[in-house]
Amino acid sequence: MRFLIATLSFCVFGANASWFWSEKTNIVEDLGPALSKDARIILRGDELYAEAAKRWQWWAAPDVAAVVDVKNEEDVRHTILYAKKHDIPFIVKSGGGGHGSIASLGTAKNAIQIWTKSLNHISISPSGNSATMGAGVNGKRVTDTLWAAKKQTVTGMCECVGLTAVALGGGHGLLQGYHGLLSDQILSLRMVLANGTAITVSETEHKDLFWGMRGAGHNFGMVTELEYKIYDVDVANGKDVWSLEAFVWPATRENTKKVYAAAKKSMNGQSPSYFSYGLVLIMPDFGPEPVILHHVVWNGPLTALKSHTQAFHDLDPISVTEEEGTYPDVPRWMQVDQAGMVCNADRFVPGGGILRFPVDMPDLNVEALAEAVDVFREATTSIKELGASFMMIEQYATNGVTKIDPNNSAFALRSHLLLLAPAFFYPALQQDGTPNTALDDVAFKYGGKIRKILADGAKAHGAYVNYANGDESLEEIYGESWRIEKLKNLKRSYDPENRFGFYAPIPMGDNGHSEL
Ligand SMILES: Cc1cc2nc3c(=O)[nH]c(=O)nc-3n(C[C@H](O)[C@H](O)[C@H](O)COP(=O)(O)OP(=O)(O)OC[C@H]3O[C@@H](n4cnc5c(N)ncnc54)[C@H](O)[C@@H]3O)c2cc1C
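Sequence order sets the numbering: in each chain, residues are counted from 1 along the sequence as written. Side-chain atom pairs in this predicted model are given and counted only at pLDDT of 80 or more, local residue features only at pLDDT of at least 70, and totals for whole chains, interfaces and linings cover all residues. Derived side-chain values reflect all non-hydrogen atoms in the structure, with water molecules and hydrogen atoms excluded from consideration.

K.L.:
Looking at this structure, I do not really get the packing of helix α9 (residues 253-266) against helix α13 (residues 366-382). What am I missing?
P.N.:
Interaxial angles span 0 to 180 degrees and are taken between N-to-C directions of axes, which are lines fitted to C-alpha atoms, for helices over the stretch in contact. Going along the chain from the N terminus, every DSSP run of H or I of four or more residues is numbered as a helix, and every run of E of two or more is numbered as a strand. The geometry of α9 relative to α13 is characterised by a closest axis approach of 9 Å and an angle of 140 degrees between their N-to-C directions. When the axis of α9 is compared with that of α13, the two are oblique. As for the relative orientation of α9 and α13, their crossing is right-handed in sense. Between α9 and α13, the residues in contact are Arg 253, Thr 256, Lys 257, Tyr 260, Ala 261 and Lys 264 and Val 366, Glu 367, Leu 369, Ala 370, Glu 371, Val 373, Asp 374 and Arg 377, respectively. Classifying every residue of the contact of α9 with α13 gives six nonpolar, one polar and seven charged. We call two directions roughly parallel when the angle between them is under 35 degrees, roughly antiparallel when it is over 145, roughly perpendicular when it lies between 65 and 115, and oblique otherwise. Two helices that cross are described as forming a left-handed crossing if the nearer one is turned anticlockwise from the farther one by less than a right angle, and a right-handed crossing if clockwise. In this description, contact between two residues means that some pair of their heavy atoms is separated by no more than 4.5 Å. Polar here means any residue outside two lists: the nonpolar Ala, Val, Leu, Ile, Met, Phe, Trp, Tyr, Cys and Pro, and the charged Asp, Glu, Lys and Arg; Gly therefore counts as polar.

This is the structure we're talking about:
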């Protein structure tokens with residue numbers, strides 16, 4: 001392995017980094033020799049540390065003392081066993097990742113971070129129906145690699161997010177209307193358990209764990225590789241063509257009601273081709289008050305999309321943008337591409353925190369949404385530090401999702417085609433790096449209020465684990481009690497010491513609380 005921490009980092013940062021390690025172990029000396037030639041250990045203060053430990057946002061961020069850039073399954077095994085031997089907490093961060101944003105991550109202190117950046121191979125099987133992928137690939141790498149072979153698969157909509165972490169929580173993406181969630185594409189997983197055992201998990205091997213990994217999969221072991229379903233791009237029938245229209249209206253109460261009454265109608269028999277992504281946010285080009293920015297995406301040419309969006313044109317938007325291209329273009333149109341605004345939030349608010357308060361539901365209560373938007377407007381216009389916040393109103397096609405038996409995996413929210421979430425975006429860290437707790441409190445006040453309005457207005461609601469704030473109930477995240485009981489049993493079997501307990505943890509006791 002390469003000792004990238006080098007003498008300099010020891011001289012400058014050694015005292016800082018070793019104050020707790022030295023009591024137990026020196027990671028470089030004790031783990032280093034067991035790792036493969038190119039694996040790297042990066043300590044707090046090393047010049048690579050900032051990139052290695054970077055998070056998408058900094059509220060409740062994990063505290064990482066050392067990063068292990070693993071190159072293969074053996075490196076993962078050795079790191080997990082080393083952490084176990086010395087009772088050091090560890091977390092996993094995916095390749096382009098670090099987007100995980102849930103309160104429980106913040107309980108990881110002086111942790112080792114296993115970084116899957118280098119586990120990024122993709123190979124298409126001879127049948128062309130699946131691909132083997134390293135656990136560190138992100139959405140963009142998957143889409144670009146497959147597209148070059150006229151193939152595609154379900155990934156998260158944002159290019160930067162990792163495939164694995166998204167899929168372990170269920171995972172929503174543009175192609176889910178056709179093929180189901182990201183987790184529905186998993187054929188098998190190669191993973192390392194907390195005791196260092198490497199296993200393959202599928203419908204035929206460790207079937208019980210395979211059930212849990214698809215929906216609650218951050219809790220049982222570390223995935224190193226996935227075998228994942230892929231699909232032909234039907235070019236002959238024009239299925240490589242995608243289009244988008246983006247509409248803008250001032251986010252008044254009246255407009256919210258009209259726009260989302262129209263959106264609600266579009267949910268009836270929603271085509272698998274149709275996805276809409278609404279945002280309420282302040283766009284300085286349109287003045288100091290929030291606007292509704294409503295994107296409609298369609299798998300087909302613009303002319304065909306327009307026959308589905310007349311209702312929005314009739315509502316006199318102040319701006320309409322049109323795009324037509326191919327599937328890999330879509331993220332850029334919505335600024336969720338690798339280089340775009342959403343993937344690079346930290347460029348806009350350095351040390352920024354983004355607190356989401358998600359409410360997923362099968363149907364929309366337009367009155368409740370309008371009330372929630374009123375509260376969001378009050379928060380973002382009266383408190384200037386919250387001015388970069390946004391409220392997401394995602395309307396996914398669920399055709400491919402609901403045709404799969406909900407009991408087949410741990411993902412509990414299959415009928416929820418709506419993902420609503422205010423996301424309060426503000427400087428979460430003060431200049432000295434300490435948390436900005438006063439602003440956290442304000443975000444919780446408004447976020448909690450909006451969440452309650454939306455939840456009270458919904459016939460049923462949940463909280464998608466990958467958007468969860470962390471203060472939701474287990475039932476909101478993982479569903480019915482039989483599911484939670486099953487997850488607890490899996491936890492007792494596969495991770496009895498709760499080593500994988502930093503991401504929406506599943507308690508093993510009956511008190512409903514994490515045993516962290
Ligand atoms: C900009 C942005 C866009 C998003 N877009 C979408 C979207 O389109 N669809 C969607 O469904 N969700 C989306 N999300 C939510 C996303 O699913 C979660 O934020 C998810 O945690 C991101 O995974 P990551 O790999 O990027 O993050 P990371 O922080 O690297 O990983 C999150 C957690 O996953 C676990 N994990 C990671 N790798 C492994 C592994 N190999 N084995 C076991 N556990 C592992 C760990 O517990 C880790 O803490 C988005 C989030 C953001 C911030």
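Still more to cover.
K.L.:
I tried to follow the UniProt feature "domain: FAD-binding PCMH-type" (unreviewed entry) in the protein on my own but got confused; where do I start?
P.N.:
UniProt's entry tags residues 60-233 with the feature "domain: FAD-binding PCMH-type" (unreviewed entry), counted in the numbering of this structure. As a span, residues 60-233 carries 25% helix and 27% strand, and end to end its C-alpha atoms are 40 Å apart. UniProt positions are given in the numbering used here, feature names are shortened, and annotations may be inferred rather than shown by experiment.

K.L.:
Teacher, can you tell me more about the site of the ligand here?
P.N.:
Put simply, a residue is near a molecule or strand once any heavy atom of it comes within 4 Å of that molecule or strand. Around the ligand, 32 residues are found, and the nearest of them are Ser 94, His 99, Met 157, Tyr 464 and Tyr 503. Polar contact is defined as a pair of N or O atoms within 3.5 Å, subject to the rule that within protein one atom must be able to donate a hydrogen and the other to accept it, and that residues adjacent in sequence are counted only when both atoms are side-chain atoms. Between the ligand and Gly 98 there is a distance of 2.9 Å, counted from an oxygen atom to a backbone nitrogen or oxygen. Accessible surface area values rest on a Shrake-Rupley calculation with a 1.4 Å probe, where residue burial reflects the displayed protein chains alone. Within the complex, the protein chains bury 97% of what would otherwise be the 950 Å² of accessible surface of the ligand. For the shell around the ligand, the elements supplying multiple residues, two or more each, are β3 (90-93), α6 (163-168) and β10 (222-229). For the shell around the ligand, the element with the highest residue contribution is α6, accounting for four residues. Its residues assigned to classes, the shell around the ligand shows 16 nonpolar, 13 polar and three charged.

K.L.:
Please clarify how empty space enclosed by the protein should be interpreted in this entry.
P.N.:
A water-sized probe rolled over the atoms picks out the places where empty space is left. Here a cavity denotes grid points, spaced 1 Å and computed from the protein atoms alone, that fit a 1.4 Å probe unable to get out, and a pocket denotes an open set having protein on both sides within 12 Å along at least 5 of 7 lines; residues with an atom within 4 Å of a point are the lining. Grid points are joined across faces, edges and corners, and a volume is the space filled by probe spheres set on the points. All chains considered together, the criterion is met by two cavities of 30 Å³ or more. Per element, the largest residue contribution to the lining of the largest cavity is four residues, and it comes from helix α5 (residues 139-148). Among the residues making up the lining of the largest cavity, the classes are represented as five nonpolar, four polar and three charged. Roughly 40 Å³ of internal volume is contained in the second largest cavity. By residue class, the composition of the lining of the second largest cavity is nine nonpolar, two polar and no charged.

K.L.:
Honestly, the state of the cysteines in this entry has me stumped. Any pointers?
P.N.:
Criterion for a disulfide: a pair of cysteine sulfur atoms at a distance within 2.5 Å. Using the criterion set out here, one finds one disulfide in the structure. Here Cys 160 connects covalently by a disulfide to Cys 343, the sulfurs 2.1 Å from one another. Handedness here is read from the sign of the S-S torsion; for Cys 160 and Cys 343, about -85 degrees, the answer is left-handed. With Cys 160 in the loop between β7 (151-152) and α6 and Cys 343 in the loop between α11 (330-333) and α12 (345-348), the pair connects residues that are 183 residues apart, well separated along the chain. Here Cys 160 matches Cys 343 in class, with each residue buried. To sort residues, take the accessible area from a 1.4 Å probe on protein chains only and compare it with the maximum for the residue type: under 20% means buried, over 50% means exposed, and anything in between is partly exposed.

K.L.:
Just to check I follow, could you spell out the side chain of Arg 377 for this structure?
P.N.:
Along the chain, the position of Arg 377 falls in helix α13. Sequence-distant contacts of Arg 377, that is, excluding residues within four places in its chain, are made with Ala 251, Thr 252, Arg 253, Glu 289 and Pro 290.

K.L.:
Just to check I follow, could you spell out the sheet that holds strand β2 (residues 64-69) for this structure?
P.N.:
The mixed open sheet is built from four strands, whose spatial order is β1-β2-β4-β3. The open sheet has two free edges, formed respectively by β1 (40-43) and β3, since each of these has just one partner strand. Neighbour-to-neighbour, the strand axes of this sheet turn through a mean angle of 25 degrees, independent of strand direction. The pairing criterion is simple: DSSP has to find at least two bridges between the two strands. When β1 meets β2, the two strands line up antiparallel, connected through four bridges. Counterpart to Leu 43 in the pairing with β2 is Ala 66. Against the sheet, helix α4 (residues 73-85) touches β2, β3 and β4 (111-115), its axis set at about 170 degrees to β4.

K.L.:
What is the right way to read unusual backbone geometry from this model?
P.N.:
Most peptide bonds take the trans configuration, and most residues that are not glycine carry a negative phi. Although it is not a glycine, Asn 110 sits at a positive phi angle of roughly 50 degrees. Position of Asn 110 among the secondary structure elements: in the loop between β3 and β4. Since its relative accessible area comes to 13%, Asn 110 is described here as buried. Look at Asn 498: it is not a glycine, yet its phi comes out positive at around 55 degrees. Among the structural elements, Asn 498 can be located in the segment after α17 (481-494).

K.L.:
Looking at this structure, I do not really get the domain arrangement of the protein. What am I missing?
P.N.:
Buried accessible area, meaning the area lost when the parts come together, often serves as the stated size of an interface. In this entry, domain limits derive from an automatic or database-based domain assignment. Splitting the protein by domain gives domain 1 (19-115), domain 2 (122-232) and domain 3 (241-325 + 349-474). Placing a centre on the C-alpha atoms of domain 1 and another on those of domain 2 gives a separation of 23 Å. Counting residues at the interface gives twelve residues for domain 1, matched by 14 residues for domain 2. Of the roughly 1100 Å² buried where domain 1 meets domain 2, counting both sides, 69% is carbon and sulfur surface. Throughout, the accessible surface (probe 1.4 Å) given up by two parts as they are put together, summed over both, is called the buried area. The largest contributions to the domain 1 side of the interface with domain 2 come from Glu 73, Ile 80 and His 99, which together make up 40% of the buried area. Take a side-chain nitrogen of Lys or Arg and a carboxyl oxygen of Asp or Glu: if they are within 4 Å of each other, that pair is a salt bridge. Taken together, the links from domain 1 to domain 2 amount to one salt bridge.

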